[in-house]
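# Inside the fold
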Amino acid sequence: IRVRPLTCTETRRGDQRVVHSLGDGTVHVSAARHDATFGFSAVFDAGASQETVFEGSGMRQLVELAVDGFSCTVFAFGQTGSGKTYTLMGPLAQGETQPAPPGLLGLMQRSFACLLEQSQSRGSDLVLSTSYLEIYNEQVRDLLSPGPPCALPLRWSKTRGFYVENQVSVDFESLDAIANLLQQGAEPRRRQTSAHALNRHSSRSHALLTVHIRSRAVSTHPAPMGGQSGGPSTYPSKQGTLCFVDLAGSERVKETGSSGELSVEANNINRSLLALGKSPPTMGAEAASSQQNPDAASVAHLLAGHCISLLAKPRGKRMHIPYRDSKLTRLLARSLGGSGITLMIACISPSSRCLSETLSTLHYASRARRVTTRP
């Protein structure tokens with residue numbers, strides 16, 4: 001869990017701080033009619049640095065597992081303006097002449113540096129490539145393709161599971177190269193962003209950057225009886241992935257002041273988050289009404305029966321997991337319930353005005369902790 005600081009607007013408005021870190025992975029929410037304590041693997045309060053989050057969240061270990069051939073995913077979840085993109089990518093760079101200060105770099109840049117260090121220290125033949133996608137209004141778009149991003153088809157096969165057809169994958173060998181690809185895909189003219197009352201740089205799409213890691217450790221045959229040295233041989237290759245998922249934040253339209261196209265985008269964002277938080281049939285007419293007009297309140301209400309909750313049940317009691325209900329859940333299917341290893345970073349606001357969304361995020365994260373996979 002990461003708790004962001006109160007913003008200047010919230011401080012001037014007189015918002016109260018209702019979220020407090022108690023240490024040892026415990027966070028306490030205290031407000032009128034609400035008094036709850038939650039336990040997690042780690043809790044980072046408003047004063048935590050980007051480096052502290054990187055080291056304390058287990059991100060370095062996740063990079064090492066990806067190099068060893070595992071499918072690893074880290075995704076940030078939370079209300080709009082809660083600090084998800086900042087946690088993953090750091091502050092927005094002001095062009096090439098004003099890059100972000102090194103101390104503010106996010107998990108992605110720090111993971112790239114760690115990955116390249118691993119490549120050099122292990123002495124293995126490591127081939128690195130990356131792809132970068134966004135889901136905008138239920139369309140999958142390639143952020144690395146030449147020209148404006150265009151919609152790509154999402155397919156399924158028995159061997160690959162869900163995959164995006166014709167996506168661009170770019171090889172890289174240096175930190176500058178992958179940083180440039182990240183910056184290219186995140187440019188406002190490519191990834192969809194807009195301003196509203198809660199966030200001046202609100203992501204209007206879900207973004208997925210995946211690093212593909214192919215490694216092959218090289219060894220040498222021992223000298224045969226004849227005295228001639230053997231030639232090089234190779235161990236079986238390993239293929240791992242490291243996927244970063246920046247989810248667009250859930251929104252209350254009445255709080256953000258969105259209208260027109262922004263309102264349409266907000267409904268599509270919330271609808272895909274509802275698929276991640278799928279309502280069970282037993283919730284009846286109220287749930288059906290909420291699904292037709294899914295604002296953040298309905299997201300909060302329906303979190304009790306989503307994919308995460310179904311996956312958290314004992315395997316013998318699980319219902320069908322509705323991955324196909326949205327493109328987001330299809331692309332996250334392997335990360336959520338497959339053979340991969342997933343780190344979830346839930347970002348929350350300490351403001352009293354955001355209390356309901358903060359509680360929803362904390363309950364969601366609590367259920368996510370119970371999901372187990374078989375890597």
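Under an unreviewed UniProt entry, the name given to the protein chain is Kinesin-like protein, and the source organism is Indicator maculatus. Of the comments in the UniProt record for the protein chain, the one headed Sequence similarities (unreviewed entry) reads "Belongs to the TRAFAC class myosin-kinesin ATPase superfamily. Kinesin family."

Here we come to the overall build of the protein chain. Check the secondary structure of the protein chain and you find 13 helices and 18 strands. Sequence separation of 24 or more characterises 68% of the internal contacts of the protein chain that already satisfy a separation of 6 or more. When the accessible surface of the protein chain is split by element, carbon and sulfur atoms take 51% of a total near 17,900 Å².

It is worth spelling out the pairing of strand E9 (residues 154-157) at this point. Both E9 and strand E10 (residues 161-164) contribute to a ladder of four bridges, which runs antiparallel. By the bridge assignment for E10, Trp156 is matched with Phe162. With antiparallel pairing between neighbouring strands as the criterion, E9 and E10 make up a hairpin whose turn holds three residues.

Axis separation between helix H5 (residues 107-121) and helix H6 (residues 175-186) bottoms out at 10 Å; the angle between their running directions is 150°. Relative to H6, the element H5 lies roughly antiparallel. By crossing handedness, the relation of H5 to H6 is classed as right-handed. The segment H5 lies against H6, with Met108, Gln109, Phe112, Ala113 and Leu116 engaging Leu175, Ile178 and Leu182.

Mapped onto the fold, Ala42 is located in the loop between strand E4 (34-39) and helix H2 (50-56). In this structure the C-alpha to C-alpha distance between Ala42 and Val27, which are 15 residues apart in sequence, comes to 9.3 Å. Those residues in contact with Ala42, other than ones at most four positions away along the chain, are Ile1, Gly25 and Gly56.

In the predicted model, the protein chain carries a mean pLDDT of 77, and the fraction of residues at 70 or more is 68%. Counting contacts from residues 194-199, a segment whose pLDDT is below 50, to residues more than four positions away or on other chains yields 24 contacts. Here residues 278-305 is a poorly scored stretch, pLDDT under 50, and it has 50 contacts once near neighbours within four places are set aside; other chains count.

So, about the UniProt feature "binding site: ATP" (unreviewed entry) in the protein chain. Look at the UniProt record and you will see "binding site: ATP" (unreviewed entry) annotated at Gly78, Gln79, Thr80, Gly81, Ser82, Gly83, Lys84 and Thr85. Summarising the element assignment, Gly78 is placed in strand E5 (residues 71-78). Since its relative accessible area comes to 3%, Gly78 is described here as buried.

Moving on: the packing of aromatic side chains. The final tally for this structure, using the stated rule, is three aromatic pairs. Pairing Phe38 with Phe40 gives two aromatic rings, centres 6.4 Å apart and planes at 15°, and the pair type is stacked. The same class applies to Phe38 as to Phe40, namely buried. The cationic tip of Arg160 hangs over the ring face of Tyr163; the distance from NZ or CZ to the ring centre is 3.8 Å.

Take the environment of Leu105 next. Along the chain, the position of Leu105 falls in the loop between helix H4 (84-89) and H5. The class for Leu105 is partly exposed, based on a relative accessible area of 27%. Setting aside chain neighbours within four positions, we find Leu105 in contact with Gln50, Ala100 and Arg110.

Attention shifts here to unusual backbone geometry. Even without glycine at this site, Asn137 takes up a positive phi of about 50°. With respect to the helices and strands, Asn137 occurs in the loop between strand E6 (125-136) and strand E7 (139-142). A relative accessible area of 27% places Asn137 in the partly exposed class. Located in the positive-phi region is Glu138, a residue other than glycine, with phi close to 65°. The residue Glu138 is located in the loop between E6 and E7 in this model. In this structure Glu138 comes out as partly exposed when scored by relative accessible area, which is 27%.

With that settled, the discussion passes to the sheet that holds E4. The three strands lie next to each other as E2-E3-E4, forming an open sheet whose pairing is antiparallel. The open sheet terminates on both sides in strands that have one partner only, identified here as strand E2 (19-23) and E4. Strand-to-strand, the axes of this sheet are offset by a mean angle of 20°, without reference to chain direction. Both E2 and strand E3 (residues 26-31) contribute to a ladder of four bridges, which runs antiparallel. The residue bridging His20 from the neighbouring strand is His28, located in E3.

Calculation rules
Residues numbered from 1 in each chain as written. Predicted model: local features only at pLDDT ≥ 70, side-chain atom pairs only at ≥ 80, totals over all residues. Heavy atoms only, no water. UniProt positions renumbered as here; feature names shortened; annotations may be inferred. Helix = DSSP H or I, 4+ residues; strand = E, 2+ residues; numbered from the N terminus. Contact = heavy atoms within 4.5 Å. Areas by Shrake-Rupley, 256 points an atom, 1.4 Å probe, with all protein chains shown as cover. Pairing = 2+ DSSP bridges. Axes fitted to C-alpha atoms, helices over the stretch in contact; angles between N-to-C directions. Parallel < 35°, antiparallel > 145°, perpendicular 65-115°, else oblique. Left-handed = near helix turned anticlockwise from the far one by under 90°. pLDDT = per-residue confidence, 0-100. Buried < 20%, exposed > 50% of the residue type's maximum accessible area, 1.4 Å probe, protein only. Phe/Tyr/Trp six-rings, centres within 6.5 Å; stacked < 30°, edge-to-face > 60°. Lys NZ or Arg CZ within 6 Å of the ring centre and 35° of its normal.

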